[in-house]
Amino acid sequence: MLCSRSRALVTSLVFLATAASGVVLADTIQATSTQGAGTQAAPHIYRISMFRAVPGKFRELEKLLTATPSPGANDGDLAVVFRHRQGNEWDFLTVEHMGPQATITVGNTPPQPDSPFSQVVGWHGDTYVAGPPPDEFRKALNISGTGAPAGVYIVGDYTAAAGHRGALRQVLDKIAEETPGRSVLFSHVEGAPWNFLTIQRYDSWQQVAQDEDKAIAEGKDPSADRGLQMREHLAVHHDTFATIDAVVGGGSR
């Protein structure tokens, strides 16, 4: 996938073959909807990865992530590389479309411990999520072709309080309805401790400020405040302002 890194999967996987010399192990991840029956398109699998650079190696990591990534399993898939501006501790976040399902394969050749990637990454984590079809994803983030748009994005990750995951999802869906056509919500399948990740698009920093000023001026009734409603169901929540560094088309390396 992105660059020549090894996958740091720490979740328990059910392999379709047994481990032996020269045998390839494989696991297939299938996206399943958490919504009720309706007319919505079936969810697709994405891989979301967060990266923190070794001190002094930010530019080197940025170059590796944006130079020759190889997203997805099929031609036409895409990867989006987000760059941190303000917020959480990651420096880069990548979103890779994998298709309606994704197959992980592990050969008998171990990853190289001293690859260029390993020398510039302090830590990283991979998470498989269910999200919208790629056309809907592109439209919401204003991605056309492989050019990086000039917008600003708020990336939020959410961990629900025990027993509150469904209620949190309902609130996040209502929040997304307030910014129609420019929000994407991903639901955890395998990986990180968070349950949901959202990406909300703004066309400029000025639009961010305008929306905040409008919310303050309206003086919303606390009973209708989505932020307060969300806090009733949260254990952990982070927001990060980010811009897009690169959008890369699919195909295998």
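### Regarding the side chain of Arg182
The residue Arg182 is located in the loop between helix H3 (165–177) and strand E8 (183–190) in this model. Assessed through its relative accessible area of 14%, Arg182 is described here as buried. Engagement of the side chain of Arg182 in a polar contact is seen with the side chain of Asp211, the distance being 3.1 Å. Those residues in contact with Arg182 that lie beyond four places of it in its chain are Ala140, Ile199, Gln200, Arg201, Tyr202, Gln207 and Asp211.

### Some words on the pairing of strand E7 (residues 152–160)
Counting buried positions along E7 yields 9 of 9 residues, so the element is predominantly enclosed. In this structure, E7 lies alongside strand E9 (residues 196–202), joined through 7 bridges in antiparallel fashion. Across the sheet, Tyr158 pairs through a bridge with Phe196, a residue of E9.

### A few points about helix H1 (residues 58–67)
Every buried residue of H1 is accounted for by Leu61, Glu62 and Leu65. For H1, the arc enclosing every buried residue in end-on projection is 100 degrees, short of the 170-degree limit, so these residues lie on one face. More than 90 degrees from the buried face of H1, the exposed residues found are Arg59, Lys63 and Ala67.

The rules behind these values
Residues numbered from 1 in each chain as written. Predicted model: local features only at pLDDT ≥ 70, side-chain atom pairs only at ≥ 80, totals over all residues. Heavy atoms only, no water. Helix = DSSP H or I, 4+ residues; strand = E, 2+ residues; numbered from the N terminus. Buried < 20%, exposed > 50% of the residue type's maximum accessible area, 1.4 Å probe, protein only. Polar contact = N/O pair within 3.5 Å; in protein donor to acceptor, adjacent residues only side chain to side chain. Contact = heavy atoms within 4.5 Å. Pairing = 2+ DSSP bridges. Arc of directions from axis to C-beta.

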